Every structure is written in structure tokens, then in C-alpha cells.
Amino acid sequence: MTPAHDAIVIGAGVIGVSIAYHLAALGARDVLVLDRAAVGAGTSSQSSGILRTHYSVPENIELARRSWTVFDSFAAYLDDDEASAGLVKCGYLIAAPAGAKLAPLRDALLAQKARGITVELLSTQDAALRLPICRFDDAALIGFEPEAGFADAYLVASAFARAARRRGVTIMEGVEVAGLVREGGRVVGVDTSRGRFAAATVVSAQNIWARDIERWTGIETPVRAERHAVLALTGVEPYTYAMPVYKDLGSPGMLYCRSYGGTHMLVSEGGAGETLDRPDNEQGQIPVDDVLRVGEQVAERFPAYAEAGLASSWTGVYDVTPDWNPVLGRLADVPGLVVAYGFSGHGFKLSPAVGRVLAQEVLGLPTDVSLASYAHERFRSGKLLRGRYGSGAVS
Ligand SMILES: Cc1cc2nc3c(=O)[nH]c(=O)nc-3n(C[C@H](O)[C@H](O)[C@H](O)COP(=O)(O)OP(=O)(O)OC[C@H]3O[C@@H](n4cnc5c(N)ncnc54)[C@H](O)[C@@H]3O)c2cc1C
């Protein structure tokens, strides 16, 4: 089969469209994106959107740092005056009590500083000035990252898609990829609901649906779909846009909180969720017990939310790998295929840099950040990319 496209990207979530945009920006002539639904309609539209460079895994700090510079100058980066990431630059505050999370927090803050990222250590009084609705009396260490906040993953996906189209990328929505076409073991295209398309390289950016790769190639794809509940609460005091995102390493669920609409609190647990039998990002039930469990943790930390009202709630699904970090790059046994899955609830903040490094990989260019640690091979060698906070999206 003659390659008709330089690359085909399966999936038009924030990762897939970022890859496609960067492919075009780096000189690929003919890029096709296929999505069975629509741009950003997968798990990206369910994201809490938190942006930070705080990680205990150094490779993630680097991808997040590079990505932040993109979010912070989004319209200029895409050369599109109308592009908006919906960025709220409120900072990121993370606190740990004495105990197991203290040393990882200290080390992660030092690692950020070593990379030139501005990080402040706050006293409990200073932290209370920044987030007056919160109690910090048990905090043994509090870090504050001013260049952080949250943005809107759907807006970002839409803007990457528009910028990609302007650079000649074709995005086809409503097209399901049913299988890979292989010649002599090499992937040379895809079979779809609209027929066969040929390409020099196929990129899978399928998130919770990445198990298709296992079905198509026989290569184990260690990713499970995990549903998480997100709540929007009303308290007697507002959680304003000026107040930072808060990560509570001391709460049983490792809660994360941020402003929602400038008045409400968006809150969710940062650990494991409900594993689904099959990948599906439809809205799920949120058991009352789960609401009560999160509510109790919020009440403990935020007195003004002790009697909070539930303004809204929704579910979103993570693509979780055994070490809560993504698989990025070529599959050694399947030439012509590049994968990007397993973002484990923290892929939005990495999406610009991941898109760029994977585009570089596809085009045979040196990558800005080494992909070695993210290789699929790690599940065979046992050299997992585990973060020091244990299971969870803070990684
Ligand atoms: C509740 C929740 C909160 C989160 N909070 C944060 C956060 O605060 N910060 C952060 O950084 N990250 C967060 N994340 C994670 C982040 O949102 C995701 O990592 C990111 O959006 C994933 O993008 P994606 O492109 O990989 O996946 P998706 O957006 O799911 O895109 C995958 C696409 O592939 C398509 N597809 C799959 N298979 C096929 C096929 N066979 N044929 C055609 N199309 C196919 C789907 O239709 C879908 O559109 C959160 C996620 C959730 C669910």
C-alpha cells in the first residue's frame, strides 16, 4: 500500500489533536485524525483541568514545565488570536502533615526548584492568607507554585484542532477505527467505518479505549478504565478564582480542590476510583456514600463547607496504568505504530509537550524529553515509573 498520509492519529482528544498540531507544525505534510465521536468529546471534556508542575517523577516535571509555557502563552503559541485555554492562574498549594508524604513532598519541591521552577515554602499563616477558607493547623510542609492553576481541556482540544486544520491537518469525526492494516508486520494504515486509509505511521491516542491495541496486535496493553466522581459544592464562603488550587496530601482520599465558576468548590479524590468492566465515558451513578465520604473530608479541612450544598456532580474516566504514568512512543514489536495512553488522570497538564515529543518521535527527530522512561517495555522489565506518593494522579 502506498502511504497516502504521513501519519494517521486515532483519537481527537486533547492528546491526539496536540500530536496532530505538532506534526503539522514540525513539517508533516499530510496528517489525518480520526475520531468515532468528536473533537474533545472523550474523557478530555470531563477533566478538572488542573495545571501544575508538581510531580515526584522528574520526567513528568519536565513535560509539565514545557507544557505550562504553552498554556501561559496559548494564543501566541498557536498563532491564533482567538485561541483560549480558559486559563485561571491562581497558583497551586500543596500541603502534607507529618508522616509518609512529607519526604516525597520536600523532595518534589526541591526537584522543581532545581529545574528553575518558582516554588515557595509557606508558613501556615501565609497559606491561610492565600486560601483563607482552609485549615492548615496540621500541616508540616506547605509548598506554593505561583505559576500554576487550571484551564479548560475542551477549549484546549478545540484550539489545537483549529490550529491543526489551519496547518492542513484533516480531522474526520464520526469515523471509527476497526483495526490496523499490516504488511510484513509493519503497520501501514487503518480500517475504518469509512474504508481503509494508508499512512507511513499510525498513532494511537485512544485513552481508555487503548485496549484496542491489544486486540489488534496481541501486545499486552496494561490500561484500565477507572471512573471518578467530581463534586461542585456551595459553602457559606466562596471559593474564588483568586484562591489557589489545593492538594491535601493529609486527607484519606488525597483531595484536590479548586474554584468552580469563581464561587463554588470543585473537589475530587486523587486516589483510585471504580474500575469499569469495559471502557465507557458515559455518566455513571455517584453513590451517596461516596458523596458523604468526600463531604466529611471537605468539612474537616474547610469549616465554611461543613454544611456544604451539592450544586452539581459528574463522573469522568481515567485510563490508568499499573504505575499511574503514561505509555509514550513506539511499540518495539510493532513497527509503524506509536502509542500515547495511560495518562492516569493527569494527562491534560502534559498535553502540549506530549504532543510535541510524540510528533518529533513520529518524524524521526530528536525528542525534547527522552521517552525512554515512558516506554511500554517497562512493564516487561519491571522498571516501572512509580511516583513517590503511591497510587494516584499526583504521581
Ligand atoms: C474526572 C477527571 C479529572 C481530570 N483532571 C485532570 C486534571 O485536573 N489535570 C490533568 O492534567 N488531567 C486531568 N485529567 C486527565 C486528562 O483530562 C486526560 O488525561 C486527557 O484529557 C486525556 O486526553 P486523551 O486525548 O488521551 O483522551 P480522550 O479525550 O478520551 O480522547 C480519546 C479519543 O479517542 C477516540 N477513540 C478511541 N478509540 C477509537 C477508535 N477505535 N476509533 C476512533 N476513535 C477512537 C475517542 O472517541 C476519544 O475522543 C482528568 C480526567 C478525568 C476523567
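Residues numbered from 1 in each chain as written. Predicted model: local features only at pLDDT ≥ 70, side-chain atom pairs only at ≥ 80, totals over all residues. Heavy atoms only, no water.

## Describing the site of the ligand
Defined as follows: A molecule or strand has a residue near it when one of that residue's heavy atoms lies within 4 Å. We define a polar contact as two N or O atoms separated by no more than 3.5 Å, with the added condition that, inside protein, one atom must be a possible hydrogen donor and the other a possible acceptor, whereas residues neighbouring each other in sequence contribute only through side-chain atom pairs. Each accessible area value is a Shrake-Rupley result obtained with a 1.4 Å probe; residue values ignore everything except the protein chains displayed when judging cover. Runs of E in the DSSP output that reach at least two residues are strands. Runs of H or I that reach at least four are helices, and both are numbered from the N terminus. Gly is placed with the polar residues, together with every amino acid not listed as nonpolar (Ala, Val, Leu, Ile, Met, Phe, Trp, Tyr, Cys and Pro) or charged (Asp, Glu, Lys and Arg).
The local shell around the ligand holds 36 residues, among which Asp35, Thr43, Ser44, Ile50 and Lys349 are the closest. Within the side chain of Asp35, an N or O atom sits 2.6 Å from an oxygen atom of the ligand. With respect to the ligand, the backbone of Val177 contributes an N or O atom lying 2.9 Å from a nitrogen atom. In the complex, the protein chains occlude 99% of the 1000 Å² of accessible area that the ligand would expose alone. For the shell around the ligand, the secondary-structure elements that each account for two or more residues are α1 (14-25), β2 (31-35) and β17 (309-320). Of the residues in the shell around the ligand, the class split is 15 nonpolar, 16 polar and five charged.

## Digging into the nonpolar core
Selection rule: The term nonpolar core refers to a set of buried residues drawn from Ala, Val, Leu, Ile, Met, Phe, Trp, Tyr and Cys, joined through side-chain atoms within 4.5 Å. A 1.4 Å probe rolled over the protein chains alone gives each residue an accessible area, and that area as a share of the maximum for its type sets the label: buried under 20%, exposed over 50%, partly exposed in between. By the convention used here, residues are in contact when the closest approach between their heavy atoms is within 4.5 Å.
Val9, Ile19, Leu23, Leu63, Phe74 and Leu328 are the most contacted members of the largest nonpolar core, which totals 86 residues. The residues contacting Leu328, other than those within four sequence positions of it, are Leu63, Val339, Ala340, Phe343, Val354, Leu358, Leu371, Tyr374 and Ala375.

## Quick notes on the packing of aromatic side chains
For any pair of aromatic rings, the description rests on two quantities: the centre-to-centre distance and the angle between the ring planes. Heads up, the condition is: Two rings from Phe, Tyr or Trp (for Trp, the six-membered ring) form a pair when their centres are within 6.5 Å of each other. A pair whose planes differ by under 30 degrees is stacked, one over 60 is edge-to-face, and the rest are tilted. By definition here, charges over rings are those cases where NZ of Lys or CZ of Arg is within 6 Å of the ring centre and within 35 degrees of the ring normal.
Overall, the coordinates contain 11 aromatic pairs when judged by the stated rule. Their ring planes at 80 degrees and their centres at 6.0 Å tell us that Tyr246 and Phe302 sit as a pair that is edge-to-face. Remark: Phe302 occurs in the loop between α8 (288-301) and β17 and Tyr246 occurs in strand β13 (residues 245-248); sequence separation between them is 56 residues. Take Tyr246 and Phe302: they sit in the same class, and that class is buried. Three or more aromatic residues joined by ring pairs form one cluster here, namely Phe136, Tyr239, Tyr246, Phe302 and Tyr305. One Lys or Arg, Arg258, reaches over the ring of Phe150 and ends 3.8 Å from the middle of that ring.

Read these as spatial facts, not as claims about activity.
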